[in-house]
Amino acid sequence: MDKDKRSVERALIVRQSLASFADNLSAPYMGYYFASLSGSGALQGVLQMSVNSLPTVTQVLAGPWLDRTGQHVRLLLTASIASSILWLLVPLTLDPLLLVALITARAIVVGVSGLALTALVGELFPGDERGRVLSYLNAAAQLSALPVFAAMFFANPSLETMKMVFTASGVVSLAASTTWFALLGVKRQRHGNGASLTSSLLVLRNKVFARFAIANSIYNFAMAIAWPLFPLAQKYVLQMSVADLALLNLFSTSSTMVSQYTLAKRINGRSLKKLVVISRAGLVMFPTVYALSHNPLPIFAWQLLSGPFVAIGMVVIPLYAMEVADPELKASYLSTLNLLQGISASLGSALGGFYTDRLVNSYGWEEVRNGLALSAMLRAAALIPLLTISDIKVSEGKGRERTS
């Protein structure tokens, strides 16, 4: 690495903070905004399917390219600028189908950017530092989001005002893109000369990784069934406002941020398998609470308690993949993990959306609760495959250890 690691880490934290500030002005409210333009569960399912499948297909091509060239920062700069432009285009249309196309295009760009950033951390920092760096990056992003959520709570913007907010996201995001210029000189020391376009699929020959990726994808399928239902429940069942959603995000982000900071200092030496299972077990509660709630208060309470489960998943899932990966193919491993997650999530969200349409058309909006309850039961059942993955630990000052 051409620059001091601490300087690079600080620069990454600054960039994540600015990008998160821009993103959280708008991204948490896109589902609600879209539900206001179209109450179709099927279209919500199509949206969720698109933003989960197409970005991961693109990552399968980007992963081997990153392993071969090491041009992580150049890709991050390009993706950041493209994402900013797409934010500026969102408020120019009210057509639900065109909006699906714009949101999907942005999801593709953001997905590639996320892959490149995680792989960059994997390349620049040794195994015992990766969990800490990923946790600090996530915590910094969440810290910068807090004032945004607080402002949105007090402003409670109308749908018309949200168009101005989307434009502001694009402007701030474009400004955040400039931070990548300072890191253009950062390169890894070695290149994955053996990487090719098929590397992302060949990594499944690694049985430890394959078992983990498949088990995680099964859980993602079950988890995604609820995704189209959440914004519909917020809008039509619980009658939540934009201010309510901002308060929801404020509670969730605060809890997750504190948990990320705590996790950063405690992840080394822990069983990654146990952390994965704990994280996914906690996520069962999300659709459960929505299914049982008749006002937003229980949901607010759960958001305050959910931080540890969310924080663990954000760090441990990619960390597990990097720890079992071949040293020069980290991006290929991550892109394959994301591909399987994306395909399974796409199928789950599409199923959830079409199932919801049938329920609502036959019995009314209250039946969304039954769909959420079904999703919760499927999430619980999907924990079983995760119990079969190999146990991996990251020891301080060393590489990974396999304990089973």
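Residues numbered from 1 in each chain as written. Predicted model: local features only at pLDDT ≥ 70, side-chain atom pairs only at ≥ 80, totals over all residues. Heavy atoms only, no water.

### Observations concerning the pattern of salt bridges
Inference 1: Applying the stated rule across the entire model yields 5 salt bridges.
Inference 2: Taking the shortest distance from any N to any O, the salt bridge between E129 and R132 comes out at 3.5 Å. Placement of the pair is E129 and R132 together in helix α6 (residues 127-155), with a separation of 3 residues, close to one helical turn. Across the pair, exposure class does not vary: E129 and R132 are buried alike.
Inference 3: For R369, the salt bridge identified is with E366, shortest N-O distance 2.7 Å. (Salt bridge = Lys/Arg side-chain N within 4 Å of Asp/Glu carboxyl O. Helix = DSSP H or I, 4+ residues; strand = E, 2+ residues; numbered from the N terminus. Buried < 20%, exposed > 50% of the residue type's maximum accessible area, 1.4 Å probe, protein only.)

### Side note on the side chain of S293
Inference 1: Counting through the fold element by element, S293 comes out in the loop between α13 (285-292) and α14 (297-305).
Inference 2: For S293, a relative accessible area of 3% corresponds to the buried category.
Inference 3: One polar contact links the side chain of S293 to the main-chain carbonyl oxygen of V289, over a distance of 2.6 Å.
Inference 4: Contacts of S293, omitting those with residues within four sequence positions, involve L238, P298, I299 and R369. (Polar contact = N/O pair within 3.5 Å; in protein donor to acceptor, adjacent residues only side chain to side chain. Contact = heavy atoms within 4.5 Å.)

### Quick word on the confidence of the model for the protein chain
One rule of thumb: low pLDDT means the predicted coordinates there are not for detailed reading.
Inference 1: When the pLDDT values of the protein chain are averaged, the result is 84; 91% of them are 70 or greater.
Inference 2: Averaged over each element, pLDDT in the protein chain is lowest for strand β2 (residues 400-402) (53) and highest for helix α18 (residues 383-386) (97). (pLDDT = per-residue confidence, 0-100.)

### Focus: a nonpolar patch on the surface
Inference 1: Together, I81, I85, L89, L92 and L174 make up an exposed nonpolar region whose accessible area comes to about 440 Å².
Inference 2: Broken down by element, the residue count for the nonpolar patch peaks at 3 residues, all from helix α4 (residues 72-89).
Inference 3: Examined against the element boundaries, I85 turns out to sit in helix α4.
Inference 4: On the basis of relative accessible area, I85 is assigned to the partly exposed category, the value being 45%. (Patch = residues over 30% accessible without salt bridge, like charges linked within 9 Å, V, L, I, M, F, W, Y side chains within 5 Å. Areas by Shrake-Rupley, 256 points an atom, 1.4 Å probe, with all protein chains shown as cover.)

### Describing the packing of aromatic side chains
Ring pairs (aromatic) are described by centroid distance and by the angle formed between their planes.
Inference 1: The tally for this structure, following the rule as stated, stands at 8 aromatic pairs.
Inference 2: On the numbers, 4.1 Å between centres and 25 degrees between planes, the contact of F212 with Y320 is stacked. Taken together, the residues span a long stretch of sequence, with F212 in helix α9 (residues 207-224) and Y320 in helix α15 (residues 307-324) at a distance of 108 residues. Pair check on accessibility: F212 and Y320 agree, each one buried.
Inference 3: Seen from their ring centres, Y236 and W365 are 4.3 Å apart, and the 10 degrees between their planes marks the pair as stacked. On the criterion of sequence distance, the pair formed by Y236 in helix α10 (residues 229-237) and W365 in the loop between α16 (330-363) and α17 (368-381) is long-range, its members being 129 residues apart.
Inference 4: Residue Y236 is classed as partly exposed on the basis of its relative accessible area, which comes to 24%.
Inference 5: Looking at W365, the relative accessible area reads 27%, which means it is partly exposed. (Phe/Tyr/Trp six-rings, centres within 6.5 Å; stacked < 30°, edge-to-face > 60°.)

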